[in-house]
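Structural overview
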Amino acid sequence: MAENKIKVKGLTTFYREEGTGDPILILHGWGSNANTWRKTQKELARLGYRSIAIDLPGFWRTEEPPEPWYLKDYTEFIDEFVQKLDLYGFTLMGHSFGGRIAIDYATRYPKKLHALVLVAAAGIIRHKKAKLKLLLVLTKIGNMIFTVPPLYWFKPIAQKMWYRFTGEHDYEKATPVMKTVMQRVLNEELYERLPHITTPTLILWGDQDTTTPLTDGFVIHKMVPVSHLHVFPGEPHGLQIKAPIRVARQTARFLGARPK
């Protein structure tokens, strides 16, 4: 497996490449990196595909943006990466946050894609808005409380306990820039853009996913005109970790049925 780096939008960007054949560009989820796709890449190579898994800006080895990005910035970053590697007529595969970028890319640059693979993709937030608003209000109240001496000495401990209680571990670990990025991308709803995806789409989901529930997968399948949904029984959010070989095989099966 070849490890490479390239300058994209002025950022030193790392990516892993495996195999030969029709190209598949893989976008990882929030708090993850290209390394988690090694087994999937090896199986895709065995099945006759060239896969490129990128470390997105702000994750693992790739530099973070100089200032907080919006979702569109990540999409434009991917498009510049695609141009530099001369990837046209490629398959775009995105997991969770990477799936959010993939959805955005598919609606902006449909002619560049051969197929789209969404793995537990994020982007359906309508049913989560109430929770997000409540968390925001409680966070603001907490910040106000801990400005009062001597309570402010306990603010770091209280923040860690709050993030663990709400399950927002990724937010807890993020740098200031990436915390703002996370806030921005989580608040961007992609529901209304799904019907505008013209690229044939494979949707992969675990029925035990508690991060992006299977109901999101059903919504995407219903809204994307040309799509196929495959559910992995008993599997959680991280399909690339828990079921990497099956993810690769389902993808290859879908692409094998697509005209070149």
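Quick caveat: nothing in here was measured; it's all calculated off a predicted structure.

Some thoughts on the environment of Ala 34
- Here Ala 34 lies in the loop between strand E3 (22-27) and helix H1 (38-46).
- Judged by relative accessible area, Ala 34 falls into the buried class, the value being 0%.
- With 25 residues separating them along the chain, Ala 34 and Phe 59 place their C-alpha atoms 9.3 Å apart.
- Sequence-distant contacts of Ala 34, defined by excluding residues within four places in its chain, comprise Arg 16, His 28, Gln 41, Ala 53, Ile 54 and Asp 55.

Here we look at the packing of aromatic side chains
- One pass over the full model with this rule turns up 9 aromatic pairs.
- Aromatic pair Trp 30 and Phe 97: ring centres 5.1 Å apart, planes at 75°, arrangement edge-to-face. Of this pair, Trp 30 sits in the loop between E3 and H1 while Phe 97 sits in helix H3 (residues 97-108), placing them 67 residues apart in sequence. Judged on exposure class, the residue Trp 30 and its partner Phe 97 are both buried.
- An aromatic cluster is built from Trp 30, Phe 59, Trp 69, Tyr 74, Phe 77 and Phe 97, whose rings are joined through pairwise contacts.

Focus: the nonpolar core
- Grouped together as the largest cluster of nonpolar side chains are 51 residues, with contacts concentrated most on Leu 25, Leu 56, Tyr 74, Ile 78, Phe 81, Leu 92 and Ile 220.
- Sequence-distant contacts of Leu 56, defined by excluding residues within four places in its chain, comprise Leu 27, His 28, Thr 62, Tyr 74, Ile 78, Phe 97 and Ile 101.
- Met 93, Ala 115, Leu 202 and Leu 204 belong to the second largest nonpolar core, which has 21 residues in total.

Notes on the pattern of salt bridges
- Within this structure, the stated rule accounts for 13 salt bridges.
- A salt bridge links Lys 72 to Glu 76; its shortest N-O distance comes to 4.0 Å. A residue pair is termed a helical-turn pair when its members lie 3 or 4 positions apart in one helix, as Lys 72 and Glu 76 do in helix H2 (residues 71-84) at 4 residues.
- In this structure Lys 72 comes out as partly exposed when scored by relative accessible area, which is 42%.
- On the accessibility criterion, Glu 76 (27% relative accessible area) is partly exposed.
- Glu 80 is the salt-bridge partner of Lys 84, the closest N and O atoms lying 3.6 Å from each other. With Lys 84 and Glu 80 both in helix H2, this residue pair falls 4 residues apart, about one helical turn.

Conventions we followed
- Residues numbered from 1 in each chain as written.
- Predicted model: local features only at pLDDT ≥ 70, side-chain atom pairs only at ≥ 80, totals over all residues.
- Heavy atoms only, no water.
- Helix = DSSP H or I, 4+ residues; strand = E, 2+ residues; numbered from the N terminus.
- Buried < 20%, exposed > 50% of the residue type's maximum accessible area, 1.4 Å probe, protein only.
- Contact = heavy atoms within 4.5 Å.
- Phe/Tyr/Trp six-rings, centres within 6.5 Å; stacked < 30°, edge-to-face > 60°.
- Core = buried A, V, L, I, M, F, W, Y, C linked by side-chain atoms within 4.5 Å.
- Salt bridge = Lys/Arg side-chain N within 4 Å of Asp/Glu carboxyl O.

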